[in-house]
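As a plain string of letters, each chain reads:
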Amino acid sequence: MGLAEIFWNTLRDILPIIAIIFGFQYLVIRKKIKHLLQVLTGFFMVWVGLSFFLVGLENALFPMGELMATQLTDGAFLPAMAEGAQRHWSDYYWVYFFAFTIGASTTIAEPSLIAVSIKAGEISGGTIDPLMLRISVALGMAFGITLGAWRIVMGWPLQWFVLGAYILVIVQTLRSPRAIIPLAFDSGGVTTSTITVPIIAALGLGLASTIPGRSPLMDGFGMIALACLFPIITVMGYAQLAQWRANRQRSEVNGTSAVSEE
Amino acid sequence: MELVFSLLRQLRDSIRDLAPVVLVIGFFQLVVIRQPLPDALALGDLILGLVFVVIGLTLFIKGLELGLFPLGEGLAKAFVQKGSLSWLLLFAFALGFGSTVAEPALIAVAARASEVVSQGGLIPSSLAAQQAFATTLRMVVALSVGTAVVVGVIRIFNGWPLHLMIISGYILVLVLTFIAPSEIIGIAYDSGGVTTSTITVPLVTALGVGLASAIKGRNPMLDGFGLIAFASVMPIIFVLLFGIFGLGLVTGDH
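Residues numbered from 1 in each chain as written. Chains lettered and ligands numbered in written order. Predicted model: local features only at pLDDT ≥ 70, side-chain atom pairs only at ≥ 80, totals over all residues. Heavy atoms only, no water.

In many reports, interface size means the accessible area that the parts give up when they come together. All names here are of chain A. Taken domain by domain, chain A consists of domain 1 (1–72) and domain 2 (89–247). Here the C-alpha centroids of domain 1 and domain 2 sit 28 Å apart. The junction of domain 1 with domain 2 conceals about 990 Å² of combined surface from both sides, 86% of it contributed by carbon and sulfur atoms. Considering only the side of domain 1, the residues that lose the most area to domain 2 are Leu-61, Ala-69 and Leu-72, jointly responsible for 46% of the buried surface there. At the junction of domain 1 with domain 2, the criterion picks out 0 salt bridges. Between the two partners, domain 1 and domain 2, sit 0 residue pairs in polar contact (both at pLDDT 80 or more). Grouping the amino acids of the side of domain 1 that touches domain 2 by side-chain chemistry returns 7 nonpolar, 2 polar and 1 charged. (Domains from an automatic or database assignment. Buried area = accessible area lost by both parts, 1.4 Å probe. Salt bridge = Lys/Arg side-chain N within 4 Å of Asp/Glu carboxyl O. Polar contact = N/O pair within 3.5 Å; in protein donor to acceptor, adjacent residues only side chain to side chain. Nonpolar A, V, L, I, M, F, W, Y, C, P; charged D, E, K, R; others polar.)

What follows is the structure, given as structure tokens:
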């Protein structure tokens, strides 16, 4: 796609939100916009920035994700195997290691996650450690992507995994401290940033098109879904652990009387 | 002058966001794979593409902070104070819809999904059919996020418990999964995670927190969040429904 076409397409993409914001502002609220010039500059930057980003995505992020998938599943790269033998899932260990590393490394330093975890630490009154919370989210994300890669290798239906994760989430939701629940659910959404999503999508589709017997359409999607679900599970798991430890400490300090009160 | 400095700060942040990806892939290329790049991929093109990603992301996020975010937050506040529920709901829907249409990750993944779906023979392999599928998919997701925000706002008003509603959403997803054509399931599940990123999260969270602080007896921490949670379940439901009822309209066979 040419640059002009991309610019034209992204203009169409951002027109609805521009129309909505200005429409509501001038027709319903009927207040003048302060710093109109600054606002217009902002919208112009959004337009140019989005166009550049999408070009870079097509030319760098997608190809890089696909290249990794192709190279890591290449017959010459994988361990040698006997003639006519079926490949064992464990032969793809570098794929899992890559999936885990990319998930953990992109999440642990995510600025929005750092902000949210500091806030959560303040609200919890010290029972939640911001760094531990970040590590839980990163581990959940990394595990979700790794599981997604393994699922593509195995060719098992995505819905089994999602069903299992849903049941875990539901059971944990009923047992977790209530204040952590919205945070846990949102942490799933926070981790999937604009840079991570294309890389993961390309990795999944690449794996599904290079591993024998898999099709991109049936097996290639689902990594993003799992990457969003598992942080919910690990964050609630960490909150439960933190609460349990806090309770135990309190009962140790207060001696046996606290235990008998409970 | 101030703009230049804040742009440079954002440039640093964008580089920091991209760094782990480049470092991990670079490590694997140099230490694990140790193969030359395929001919179709020139290193120069990749680097140029990454420069485009960093510049694009920087301008995009800074532009959002200058224009869309302050306006969106101001409007959210104004509609909460206006006291008219129907206007607030209309605004909530429009905000969710509009921000999702412009979401970069969704644009990229929908385009990729349309290629895969057309290679899989589900839709004709013409470019027009692919673009139609990608646009329809994005519109379905945008409608679902709009609906999710409306449901979330109604929930904050009535103080309904979040987890019961999310669990009902999950159950609906599972029921629909059994009925939906298996080709759409992966795309549907992924669309939930794709929508909640750069534009939608800050705008929708601002609406939720503003609303929860304005209504008596609501806790911004408990009630303000959670809009995002709806916005990541509702797209799955809508795309599955689209797979059940709407796919025939796009593919051409009824």
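Before going further, it helps to examine the domain arrangement of chain B. Residues and elements named next belong to chain B. Each assigned domain of chain B is listed here: domain 1 (1–68) and domain 2 (84–251). For domain 1 and domain 2, the distance between their C-alpha centroids amounts to 28 Å. Opposite the 4 residues of domain 1 that make contact, domain 2 presents 5 residues. When domain 1 packs against domain 2, the two sides together hide about 320 Å² of surface, and 93% of this comes from carbon and sulfur. For the domain 1 face of the interface with domain 2, the top three residues by lost area are Phe-60, Leu-64 and Leu-68, together amounting to 89%. Our count for the domain 1 to domain 2 interface comes out at 0 salt bridges. Applying the counting rule to domain 1 against domain 2 returns 0 residue pairs in polar contact (both at pLDDT 80 or more). (Contact = heavy atoms within 4.5 Å.)

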